[in-house]
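Residue-level structural notes
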Amino acid sequence: MEMITIYKGFKFRLYPNSTQKEKINKTFGYNRFVYNHYLNQIRKEGYKNVNYYIKDYTTNLKYAYSFLKEANPILIRKTLYRLEDNYKRYLNSSFGYPKYKSKYAKNSYTITLTSSNVGPNCQNVSLDLKNKRAELPELGILKIKGYRHTQQINGRIANYTISREKNGKYYISLLFELATVNKIVPSVVVGLDLGIKKLITLSDGITYNNNKYITKYETKIKKEQQNLSRKQKGSKNYYKNLKKINVLYVKLSNSRKYYTHSITKEITDNYDIISTESLTTKKMIMNKQNHLSKNIVDVTLSEILRQLEYKSNEKGKYFYKISPYYPSSQTCSVCGNIDRKYKNLDERIYKCDKCQSILDRDYNASINIMFEGLKLYMKDAKGKPITTS
């Protein structure tokens, strides 16, 4: 039986005191300052390489600005590597040109736990869910909130991330290496077709609708943005209004997350072999011809796929992404006939010219995806003993 090691993140609301807040905000500031400094240098002089910037920081910048002597050198190196990654993504045309970091946007830093910065079994980092507190080497004991029904998490802490969201709230995310999980013997198979109008269509006929969170919050956000445009930039009222907008964006994000998590939990609880499309959502968003970019962002298709994959692994289930070139919407799920006219998204009903079958377009595609996923499972299981329940 196949064994897999699971990594799972747990995110808690953090309540630092004034001293701890100051330390956290200083760390954000150091990393942000270094990132913006070298991004500005890249804009003026062109990109060199990350080793050049690390050497320049350790020999020049750190001494030019005395406050940087307090900065964590490991976090500064991570910041420079992140700048390099962002610039390389830009060169590969998958992302826009790197932007300057703002203290009013989300800020975060991650500490990776190794033998050099923690004791055996991560004894310098602890999480006490009964008393709702976390203990960190650089910050001491902090109050936390979250996971009311979880008393203990058994596993090794691989890293933790301290973040401050746009609305000013602090969080800690801990990545645990959990015990190995046995893959189950599958009995229920499902295929998923992802879309815009109907968010998910399952091969057994169940559908999940798109709640269109952007539409819900768009009016409120637009109104606050109009108010912001009337404020003097840099004034107290300007930043008060900016905080209101950030709060709305966080509420929008949390609403999406809650809906997505509830759907993916239900699917991974009820099915053993789960098959989906391999979507290139970045290309879909960049495609302005179909005017669906905003809707694609709203339904967060890539996040749905990510959650389905890690939750399937966590529960010992099987998750497959079929080839993006497989014509699931153009193939008749009854007789296998392929009709290219169903490339057109306006065709919502699949009418097969060969066997005369009439099916909903998305339902037809989900059945095809289910069978393709089953083929991938049988290929993986070839030569292995399979027990049926």
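No experiment lies behind these values; they were computed from the predicted model shown. (Residues numbered from 1 in each chain as written. Predicted model: local features only at pLDDT ≥ 70, side-chain atom pairs only at ≥ 80, totals over all residues. Heavy atoms only, no water.)

Some points on the overall build of the protein chain
Within the protein chain, the regular secondary structure consists of nine helices and 14 strands. Sequence-distant contacts in the protein chain: of pairs separated by 6 or more residues, those separated by 24 or more amount to 67%. Carbon and sulfur atoms form 50% of the exposed surface of the protein chain, whose accessible area is close to 22,800 Å². (Helix = DSSP H or I, 4+ residues; strand = E, 2+ residues; numbered from the N terminus. Contact = heavy atoms within 4.5 Å. Areas by Shrake-Rupley, 256 points an atom, 1.4 Å probe, with all protein chains shown as cover.)

Observations concerning empty space enclosed by the protein
The full count for this structure, using the stated rule, is two cavities of 30 Å³ or more. Looking at the second largest cavity, its volume works out to about 40 Å³. Together, Asn31, Leu75, Lys78, Thr79, Arg82, Ser108, Tyr109 and Thr110 line the second largest cavity. Per-class residue counts for the lining of the second largest cavity are two nonpolar, four polar and two charged. (1 Å grid on protein atoms, 1.4 Å probe; cavity = no way out; pocket = protein on both sides within 12 Å on 5 of 7 lines; lining within 4 Å. Points joined across faces, edges and corners; volume = space filled by probe spheres on them. Nonpolar A, V, L, I, M, F, W, Y, C, P; charged D, E, K, R; others polar.)

Structural notes on the nonpolar core
Among the nonpolar cores identified, the biggest contains 27 residues, and Phe12, Tyr109, Leu136, Tyr160, Ile162 and Ile172 are the most heavily contacted of them. Contributions of two or more residues to this core are made by strand 1 (3-15), helix 1 (18-45), strand 2 (107-112), strand 4 (133-136), strand 5 (140-145), strand 6 (156-164) and strand 7 (170-182). Take this core: its biggest share by element is six residues, from strand 7. Contact partners of isoleucine 172, with chain neighbours within four places excluded, come to Phe10, Lys11, Phe12, Leu14, Leu136, Ile144, Tyr160, Thr161 and Ile162. (Core = buried A, V, L, I, M, F, W, Y, C linked by side-chain atoms within 4.5 Å. Buried < 20%, exposed > 50% of the residue type's maximum accessible area, 1.4 Å probe, protein only.)

Description of the pattern of salt bridges
According to the stated counting rule, one finds 17 salt bridges in the structure shown. Taking the shortest distance from any N to any O, the salt bridge between aspartate 272 and lysine 317 comes out at 3.6 Å. One end of the pair, aspartate 272, is in the loop between helix 5 (236-270) and strand 11 (273-277); the other, lysine 317, is in the loop between helix 8 (301-314) and strand 12 (318-322), with 45 residues separating them in the sequence. Comparing aspartate 272 with lysine 317, the two get one shared label, buried. The shortest N-O distance in the salt bridge between glutamate 303 and arginine 306 comes to 2.9 Å. Here glutamate 303 pairs with arginine 306, and both are found in helix 8, just three residues apart, close to one helical turn. (Salt bridge = Lys/Arg side-chain N within 4 Å of Asp/Glu carboxyl O.)

What to know about the packing of aromatic side chains
Scanning the entire structure with this criterion turns up 18 aromatic pairs. Considering the side-chain rings of phenylalanine 33 and tyrosine 65, the 4.9 Å spacing of their centres and the 70 degrees angle between planes classify their relative orientation as edge-to-face. Highlighted residues: phenylalanine 33 in helix 1 and tyrosine 65 in the loop between helix 2 (50-64) and helix 3 (73-91), separated in sequence by 32 residues. Of the residues examined, tyrosine 65 reaches a relative accessible area of 34% and is grouped as partly exposed. When the centroid spacing of 6.0 Å and the interplanar angle of 85 degrees are considered together, the rings of tyrosine 87 and tyrosine 97 count as edge-to-face. With a gap of 10 residues between them, tyrosine 87 in helix 3 and tyrosine 97 in the loop between helix 3 and strand 2 connect regions that are remote in the sequence. With relative accessibility at 12%, the residue tyrosine 87 sits in the buried group. (Phe/Tyr/Trp six-rings, centres within 6.5 Å; stacked < 30°, edge-to-face > 60°.)

Observations regarding unusual backbone geometry
Phi at tyrosine 147 is positive, roughly 55 degrees, even though this residue is not glycine. Structurally, tyrosine 147 is set in the loop between strand 5 and strand 6. Residue tyrosine 147 is classed as partly exposed on the basis of its relative accessible area of 33%. In this model, glutamine 356 sits at a positive phi of 65 degrees, which is unusual for a non-glycine residue.

Considering the pairing of strand 5
On a regular strand, each side chain points to the face opposite its neighbour's, so the side chains alternate between the two faces of the sheet. Pairing of strand 4 with strand 5, which is carried by four bridges, proceeds in the antiparallel orientation. Its bridge partner being in strand 5, glutamate 135 is matched across the sheet by isoleucine 141. Taken together, strand 4 and the strand that follows it, strand 5, pair antiparallel across an intervening segment of three residues. (Pairing = 2+ DSSP bridges.)

Observations regarding the environment of glycine 9
Among the secondary structure elements, glycine 9 is positioned in strand 1. It is 10.0 Å that separates the C-alpha atoms of glycine 9 and threonine 161, two residues lying 152 residues apart in sequence. Aside from chain neighbours lying at most four places away, what touches glycine 9 is Tyr147, Leu174 and Leu175.

Some remarks on the confidence of the model for the protein chain
Per-chain confidence: the protein chain averages 84 in pLDDT, with 88% of residues scoring 70 or above. Confidence, expressed as mean pLDDT per element, reaches its minimum in the protein chain at helix 7 (residues 293-299) with 46 and its maximum at helix 1 with 95. Scored below 50 in pLDDT, residues 116-122 shows 10 contacts in the model against residues more than four places distant or in partner chains. pLDDT under 50 marks residues 385-389. Its contacts with residues more than four places away, or in other chains, come to four contacts. (pLDDT = per-residue confidence, 0-100.)

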